[in-house]
2 protein chains.
Amino acid sequence: MPRQVDHDERRRRLTEALLRIAGTRGLRAVSMREIAAEAGVSLRVVQYYFTNKQALLESGLTELGARMDRRVKRRAAAMGELTPRGVFAAVLGTILPFDEQSTLDSMAWTAYYTAALTDPALAAVGLTLPNALENFLTVRLTAAQQAGDITPDRDPRTEVAGLLALANGLTSSVLSQQRSYEAATKIIDYHLDRLFGPEIS
Amino acid sequence: MPRQVDHDERRRRLTEALLRIAGTRGLRAVSMREIAAEAGVSLRVVQYYFTNKQALLESGLTELGARMDRRVKRRAAAMGELTPRGVFAAVLGTILPFDEQSTLDSMAWTAYYTAALTDPALAAVGLTLPNALENFLTVRLTAAQQAGDITPDRDPRTEVAGLLALANGLTSSVLSQQRSYEAATKIIDYHLDRLFGPEIS
DNA sequence: ATCGTTAGGATACGGCTGTATCCATTCGGG
DNA sequence: CCCGAATGGATACAGCCGTATCCTAACGAT
């Protein structure tokens, strides 16, 4: 075998190139040739490592989910001991675009989200992370409720759904520059105060 | 002049065809020829009444805003006397996709929103309605606060921003079938209860 | 050394895109 | 009556798209 090459590494580079384009110029600017140019390779290489454009697109969506997952874990680890409220602050704060990279990823995520509304194949891949987040937070909030951290009259799943919808909506408004990241963070903190009571600091 | 034709009416039909495509198959499926087919006319007619594809796209976005505006007013009128809470229920309830037509429009709106993130011309057109809504509701909420309908410790603009972000996020989750319209409505009502106190009915 | 597989360069194909052009028909004002 | 403007049908164009094909170079195992 000649010039043995790490296929996974090649695919990773191509996927990253794809997400760079999607994050800056939108999914509609993503073409095989553009990806090749962005990654600094020939069109043939893109074709060689991905059977389809569809496969490439799905790879991009999967990578976006993985990045979000990593960011949540990194942020949670940086916070040290995790109160129930801390878990929510970590997850919701990670959904918002808080630096350049996460802004690009949020843009790409939004593009994918929209594409998934009219593309069932993407929808299947794209809903796994949001659903996992909702389930994870619901489990945590239910436990927090049993521990007495929030009042018993709240419905955990409803609260979680509302908070995630709020974070997503705020992400939209930050991306379209209607609001700053700081303003969005304040709104989330405000809602967490209402749920958990004021932060102990 | 031969066969004098109502240009505005022609343009309206073409714009409606465009929005039908955008709402069902996404903005990426919108092409001059597809619009022509959907409207039952020839390609030339589409070219004749719109100088550009860009002009056509902007016309679609403007029409989407006008439809939302009409819906809000219709709903507000149907509610009769408008308490401050009623105004919010009308506006936020209208943002959610509540029937087939508004679902199609929400889909199209989402597609436009995403496109606007990487297309400044669309962004300029698309931000007017959201900003108008935010300002309108903020004025109303400020007045309600001065009338004693909500407690003085709330910041009207922050509350409005949060509620609009919530409604937008819920719209996303309804469109992607993560949640039903009824579930989304409950979440909004719940937050309105927190703001205005429980509904008097 | 050579054979066979792997990696990719070069190029081509049919289809769709937005836009432009050419031309025929229609009809109201003189 | 008929001329000229309004309307729109038919067609063409260059460019990009995803995909397929052909061919060559590199190199490990035999």
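It should be noted that the structure appears before, not after, this text.
Only a predicted model underlies this, so the values are computations on that prediction, with no experimental measurement involved. (Residues numbered from 1 in each chain as written. Chains lettered and ligands numbered in written order. Predicted model: local features only at pLDDT ≥ 70, side-chain atom pairs only at ≥ 80, totals over all residues. Heavy atoms only, no water.)

### Describing the overall build of chain A
A tally of regular secondary structure across chain A gives ten helices and zero strands. Taken from N to C terminus, the helices and strands of chain A fall in the order α-α-α-α-α-α-α-α-α-α. With 201 residues in all, chain A has 46% of them scored as buried. When contacts within chain A are restricted to residue pairs at least 6 apart in sequence, long-range pairs at least 24 apart make up 62% of them. As displayed, chain A has an accessible area near 10,300 Å², and 53% of this comes from carbon and sulfur atoms. Between the mean site of the 24 positive side-chain charges and the mean site of the 23 negative ones, chain A shows a separation of 7 Å. (Helix = DSSP H or I, 4+ residues; strand = E, 2+ residues; numbered from the N terminus. Buried < 20%, exposed > 50% of the residue type's maximum accessible area, 1.4 Å probe, protein only. Contact = heavy atoms within 4.5 Å. Areas by Shrake-Rupley, 256 points an atom, 1.4 Å probe, with all protein chains shown as cover. Lys, Arg positive; Asp, Glu negative; His and termini not counted. Charge placed at Lys NZ, Arg CZ, Asp CG, Glu CD.)

### What to know about the environment of Val139(B)
Residue and element names in this part refer to chain B. Mapped onto the elements of the fold, valine 139 is located in helix H8 (residues 128-146). Residue classification places valine 139 among the exposed residues on the basis of a relative accessible area of 56%. Along the sequence, valine 139 and valine 160 sit 21 residues apart, while their C-alpha atoms lie 9.8 Å from each other.

### Let's talk about the relation of the copies chain A and chain B
Each of the two chain copies goes to the other by way of a rotation about an axis and a shift along it. Placing chain A over chain B gives an RMSD of 0.0 Å and needs a rotation angle of 180 degrees, together with 0.0 Å of translation along the axis. Such a combination of rotation and displacement between the chain copies is what one expects of a two-fold axis. A share of 100% of the interface residues of chain A reappears at the interface of chain B, consistent with the copies meeting face to face through the same patch. (Least-squares fit on C-alpha atoms with pLDDT ≥ 70 in both.)

### Details of helix H5 (residues 84-95) of chain B
All names here are of chain B. Over its twelve residues, H5 extends 17 Å from the first C-alpha to the last, a length consistent with the 16 Å expected when each residue adds 1.5 Å. The buried count for H5 comes to ten of twelve residues, which makes it a mostly enclosed element. Turning to H5, its buried residues are Arg85, Gly86, Val87, Phe88, Ala90, Val91, Leu92, Gly93, Thr94 and Ile95. Residues of H5 that are buried in the fold lie against helix H4 (53-78), helix H6 (100-116), H8, helix H9 (156-175) and helix H10 (181-196). (Expected span 1.5 Å × (residues − 1).)

### Structural notes on the interface of chain A and chain B
With 34 residues of chain A in contact, the opposing surface of chain B contributes 34 residues. Taking both partners together, chain A and chain B bury about 2,800 Å²; carbon and sulfur atoms supply 61% of that area. Counting the surface chain A buries against chain B, the share from its top three residues, Tyr113(A), Leu117(A) and Gln178(A), is 18%. A salt bridge links Glu134(A) to Arg179(B); the nearest nitrogen and oxygen atoms lie 3.2 Å apart. Here chain A and chain B share eleven residue pairs in polar contact (both at pLDDT 80 or more) between them. Every element with two or more residues in the side of chain A that touches chain B is listed here: helix H1 (7-25), helix H6 (100-116), helix H8 (128-146), helix H9 (156-175) and helix H10 (181-196) of chain A. Top element by residues in the side of chain A that touches chain B is H9(A). It accounts for eleven residues. Taken together, the residues of the side of chain A that touches chain B break down into 13 nonpolar, 14 polar and seven charged. (Buried area = accessible area lost by both parts, 1.4 Å probe. Salt bridge = Lys/Arg side-chain N within 4 Å of Asp/Glu carboxyl O. Polar contact = N/O pair within 3.5 Å; in protein donor to acceptor, adjacent residues only side chain to side chain. Nonpolar A, V, L, I, M, F, W, Y, C, P; charged D, E, K, R; others polar.)

### Re the environment of Ile35(B)
Residue and element names in this part refer to chain B. Its place among the elements puts isoleucine 35 in helix H2 (residues 32-39). Take isoleucine 35: its relative accessible area is 1%, and that puts it in the buried class. Beyond its immediate stretch of four places on either side in the chain, isoleucine 35 contacts Leu14, Ala17, Leu18, Ile21, Val30, Val46 and Leu56.

### Considerations on the pattern of salt bridges
Per the stated rule, a full pass over the model turns up 30 salt bridges over all chains. The partner of Arg194(A) in a salt bridge is Asp153(B), and the shortest N-O contact between them spans 3.9 Å. Of this pair, Arg194(A) sits in helix H10 while Asp153(B) is found in the loop between H8 and H9, placing the two residues in two different chains. Among the residues examined, Arg194(A) registers a relative accessible area of 33% and is labelled partly exposed. The network of salt bridges with common partners includes Glu63(A), Arg67(A), Arg70(A), Arg71(A) and Asp105(A).

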